[in-house]
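Coordinate analysis (summary)
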Amino acid sequence: QVQLVESGGGLVQAGGSLRLSCVATGSMIFSFYTMGWYRQAPGKQREWVATIGSDSNTNYADFVKGRFTISRDNAKSTVYLQMNSLESEDTAVYYCNADRPRPDPFDFWGQGTQVTVSS
């Protein structure tokens, strides 16, 4: 099994920055996994924010391009989400995701960390 623990959330003013971290533990070779961040605002469905592949290729949702940066440190089994120029619309619970590769694909999720942006 894989366990994901997020940290770094909190309350920040609009225009501010936060860095989220997600540490992965358990039976996994971290560098093989595609890692991602998702978020869920109150009353809304969970939505994809960003992913980073095992080759460190990154992809972002349009609404965070130029403001958020995803990165990974395979030696620490950690994925990060640097969030700059935060807006009130970024308020949500942010979840870390680990996508186990073939031949036995499976998604693992963390418990989430709250990010609140005050305007």
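Preceding this paragraph is the structure being described.
Now for a look at the structure at hand. What you see is a predicted model, and the numbers here were worked out from it, not measured in a lab.

Comments concerning the sheet that holds strand β3 (residues 18-26)
If you walk across this open sheet you meet the 4 strands as β1-β3-β8-β7, and the pairing is antiparallel. Each end of this open sheet is capped by a strand with a single partner; those strands are β1 (2-7) and β7 (68-73). Averaged over all pairs of adjacent strands, the angle between their axes in this sheet comes to 15 degrees, without regard to strand direction. Sheet topology note: the β7/strand β8 (residues 78-83) ladder contains 6 bridges and is antiparallel. By the bridge assignment, Asp-73 is partnered in β8 with Thr-78.

Focus: the pattern of salt bridges
If you walk through the whole model with that rule in mind, you get 6 salt bridges. The residue Arg-67 makes a salt bridge to Glu-87 at a minimum N-O spacing of 4.0 Å. A residue pair is termed long-range when its members are at least 10 positions apart, and Arg-67 in the loop between β6 (58-60) and β7 and Glu-87 in the loop between β8 and β9 (92-100) qualify at 20 residues. One salt bridge connects Asp-90 with Arg-67, and the closest N-O pair in it is separated by 2.7 Å. Taken together, the residues span a long stretch of sequence, with Asp-90 in the loop between β8 and β9 and Arg-67 in the loop between β6 and β7 at a distance of 23 residues. By relative accessible area, which is 11% here, Arg-67 ends up buried.

Some remarks on the side chain of Arg-67
For Arg-67, the side chain forms a polar contact with the side chain of Asp-90, separated by 2.7 Å. Setting aside residues no more than four positions away along its own chain, Arg-67 makes contact with Gln-82, Met-83, Asn-84, Ser-85, Leu-86, Glu-87 and Asp-90.

Notes on the nonpolar core
In terms of nonpolar packing, the biggest core is built from 32 residues, with Leu-4, Met-35, Trp-37, Leu-81, Met-83 and Tyr-94 touching the most fellow members. Contributions of two or more residues to this core are made by β1, β3, β4 (34-40), β5 (47-52), β7, β8, β9 and β11 (113-118).

With respect to the state of the cysteines
For the structure shown, the criterion picks out 1 disulfide. With a sulfur-sulfur separation of 2.1 Å, Cys-22 is cross-linked through a disulfide to Cys-96. Disulfide Cys-22 to Cys-96: torsion about the S-S bond roughly -80 degrees, handedness left-handed. In this pair, Cys-22 is assigned in strand β3 and Cys-96 in strand β9, connecting sequence segments 74 residues apart. Among the residues examined, Cys-22 registers a relative accessible area of 0% and is labelled buried. Its relative accessible area of 0% is what places Cys-96 among the buried residues.

Conventions adopted
- Residues numbered from 1 in each chain as written.
- Predicted model: local features only at pLDDT ≥ 70, side-chain atom pairs only at ≥ 80, totals over all residues.
- Heavy atoms only, no water.
- Pairing = 2+ DSSP bridges.
- Helix = DSSP H or I, 4+ residues; strand = E, 2+ residues; numbered from the N terminus.
- Axes fitted to C-alpha atoms, helices over the stretch in contact; angles between N-to-C directions.
- Salt bridge = Lys/Arg side-chain N within 4 Å of Asp/Glu carboxyl O.
- Buried < 20%, exposed > 50% of the residue type's maximum accessible area, 1.4 Å probe, protein only.
- Polar contact = N/O pair within 3.5 Å; in protein donor to acceptor, adjacent residues only side chain to side chain.
- Contact = heavy atoms within 4.5 Å.
- Core = buried A, V, L, I, M, F, W, Y, C linked by side-chain atoms within 4.5 Å.
- Disulfide = S-S within 2.5 Å.

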